[in-house]
Amino acid sequence: MALPFYVSPEQMMQDKAEYARKGITKGKSIIAVAGKQGILLVAENPSSSLNKISEIYDRIAFAGAGKYSEFENLRKAGIRYADLKGYAYGREDVTAKSLANVYSQTIGNIFSQEMKPLEVEILVVEVGESTTQDELYRISFDGAIGDERGHAAIGGQADELKEYLKDKYDEEVTLEASLTLAVGALEASANQKVRAQNLEVAILDRHHPGRKFRRFTAAELVDLAEGLES
Amino acid sequence: MFLDLSYTGSSFCDLLTERFPFLLTKWEGLQFSPNEITPLPTGTTVLALKYQGGVIVVGDRQATEGTMISARRIEKVFKADERSAIAIAGVAGPCLELARLFQTELQHYEKLEGVELSTEGKANKLGQMVKMNFPMALQGLVVIPIFVGYDFKRAEGKIYKYDVTGGRYEEAEYYATGSGGGHARATMKKRYRPEIDEEAAIHTALEALYDAAEEDIGTAGPDFVRGIFPTIKTVTVRGIVDVEETQVRAVSENMVENRRRNH
């Protein structure tokens, strides 16, 4: 008997989604918290050189969960897109909304047309004058795009993290408090302490002139964590 | 629109050349003759000099079209990134384009690679960009930058000058270029001392620029009537700082007063 060559599109999409989800669950999660000072991005990352969080443009940052090689490629393509747009038009014309849409199109296209879907989930955030103007976009492996308010999480434990943040978050949160909140969420979902050396933290500082992105150094993180504990 | 995931380079300039050439100026095929085209905005004096702890880079503010003044407030000194700056002499259009392209280039590389280029790396990249402009330079559209940076590894300021072919030469003390560059260099040659501090460096630079403005019609001195003064940036361990216009005005007034007295 000949093997059936027909697989229903529904089945195919389901298989691909399951495959992608499995890959993403293996990786650690990332949190973004919008507060008084700006948008804080926190990831658990034992590597100090292979980053999950990065600057894209003056007010825009990127975070990727899942397979490093894949979101790194997306990150670089995003920087190229942003720099090209800023060069051809003006710096103000580069927005997270348009970048998130391009990401969504690209990832969605790969999901439906390629054999292997991308095992990634990404976050594109833009800092505004105040928390009400902050924009947080979450794009998943199939290109689905979601617009979040105040805080967002991506990666395997995203739902647990969101649940943790839901009640404890408020818009006026300070930098220290948002770090405590993010680390608390990561620890609660992993059920263990997270060491300061294993954290990757960056901020889009709304009060900083020009480029708003700043990465915390290892020494700064250890200091901050000690300050939080005492 | 989809993102291009196939490109792998880290240079913005190369990205434009390979994938988006329409964003770069390519006038190679055209024949220019100075008599046939309307004069393009040119003329300038830009200079840089080292002092204890850093470098200053200075430019006048005037652009000329032939014998006409086309702009009085043009900027010729640009912050390239947090620790380097460029000053450009030549035809205004391509100069401004080069400055913007170079700024984007440095930032692009830093974001993609996660580290900044070395001071020497930046200087070499700028040389390649000047070289790209060489066919245009042959037709009269000359662009000549001065690059200054603070080298953290060696804890000193650096000055690089360029020729139209993209040749890159490091200067040990000071340099000036543009239509009044020779006059400015002559003044600095007489006044320069390596041990001077920032204040003395600003003074020397403004003296040099004033002398250039006296001899060269393409260069403007301080304009006390309109309140237009040369742009000065300092490059030190603290990064790039714009010298306040009030300070430039005060030093300029003092200098002119001294000249009047000694005349």
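Reading the values: the criteria
- Think of each chain on its own: its residues are numbered from 1, step by step along the sequence as written.
- To label them, take the chains in the order written and letter them from A, then take the ligands in the order written and number them from 1.
- Reporting in this predicted model follows two pLDDT cut-offs: at least 70 for local features of residues, and 80 or more for side-chain atom pairs to be given and counted; totals over whole chains, interfaces and linings ignore these cut-offs and use all residues.
- Side-chain measures here rest on the full set of heavy atoms in the structure, leaving out hydrogens and waters.
- Only Phe, Tyr and Trp rings take part, Trp by its six-membered ring, and two of them pair if their centres are within 6.5 Å. Stacked means planes under 30 degrees apart, edge-to-face means over 60, and tilted covers everything else.
- Helix and strand labels come from DSSP, where a helix needs a run of H or I of at least four residues and a strand needs a run of E of at least two; each type is numbered from the N terminus.
- Throughout, exposure labels follow a simple rule: accessible area from a 1.4 Å probe, protein chains only, divided by the maximum for the residue type, with under 20% read as buried, over 50% as exposed, and the rest as partly exposed.
- Count a disulfide wherever a pair of cysteine sulfur atoms falls within 2.5 Å.
- Contacts are assigned to residue pairs with any non-hydrogen atoms lying within 4.5 Å of each other.
- Note: buried area is the sum, over both parts, of the accessible area (probe 1.4 Å) each one loses when the two are combined.
- The term salt bridge refers to a pairing of a side-chain nitrogen on Lys or Arg with a carboxyl oxygen on Asp or Glu at a separation within 4 Å.
- Side-chain atoms alone can form a polar contact between residues adjacent in sequence; in general such a contact is a pair of N or O atoms within 3.5 Å, and within protein one must be able to donate a hydrogen while the other accepts it.
- Note on residue classes: Ala, Val, Leu, Ile, Met, Phe, Trp, Tyr, Cys and Pro are nonpolar, Asp, Glu, Lys and Arg are charged, and everything else, Gly too, is polar.

(A) Representation of the packing of aromatic side chains. The tally for this structure, following the rule as stated, stands at 10 aromatic pairs over all chains. Considering the side-chain rings of Phe111 of chain A and Phe141 of chain A, the 5.8 Å spacing of their centres and the 55° angle between planes classify their relative orientation as tilted. Here the residue Phe111 of chain A occupies a position in helix H3 (residues 96-113), and Phe141 of chain A occupies one in the loop between strand S6 (135-139) and strand S7 (145-148), the gap between them amounting to 30 residues. For Phe111 of chain A, a relative accessible area of 9% gives the class buried. Each member of the aromatic cluster is reached from another via a ring pair, and the members are Phe102, Phe147 and Tyr160 of chain B.

(B) Spatial organisation of the state of the cysteines. Residues and elements named next belong to chain B. Applying the stated rule across the entire model yields 0 disulfides over all chains. Not part of a disulfide, Cys13 finds its nearest cysteine sulfur in Cys95, a span of 15 Å. For Cys13, a relative accessible area of 1% puts it in the buried group. Among the residues examined, Cys95 registers a relative accessible area of 6% and is labelled buried.

(C) Examining the interface of chain A and chain B more closely. With 27 residues of chain A at the interface, the matching set in chain B holds 22 residues. With both chains or domains summed, chain A and chain B bury close to 2300 Å², and 61% of this area falls on carbon and sulfur atoms. Counting across the chain A and chain B interface gives 2 salt bridges. Across the pair Glu110 of chain B and Arg211 of chain A runs a salt bridge, and its minimum N-O distance is 3.4 Å. At the junction of chain A with chain B, the criterion picks out 11 residue pairs in polar contact (both at pLDDT 80 or more). Elements supplying a minimum of two residues to the side of chain A that touches chain B: strand S3 (53-57), helix H2 (68-88) and H3 of chain A. Sorting elements by how many residues they give to the side of chain A that touches chain B places H2 of chain A first, with 14 residues. Looking at side-chain class alone, the side of chain A that touches chain B contains 13 nonpolar, 6 polar and 8 charged residues.

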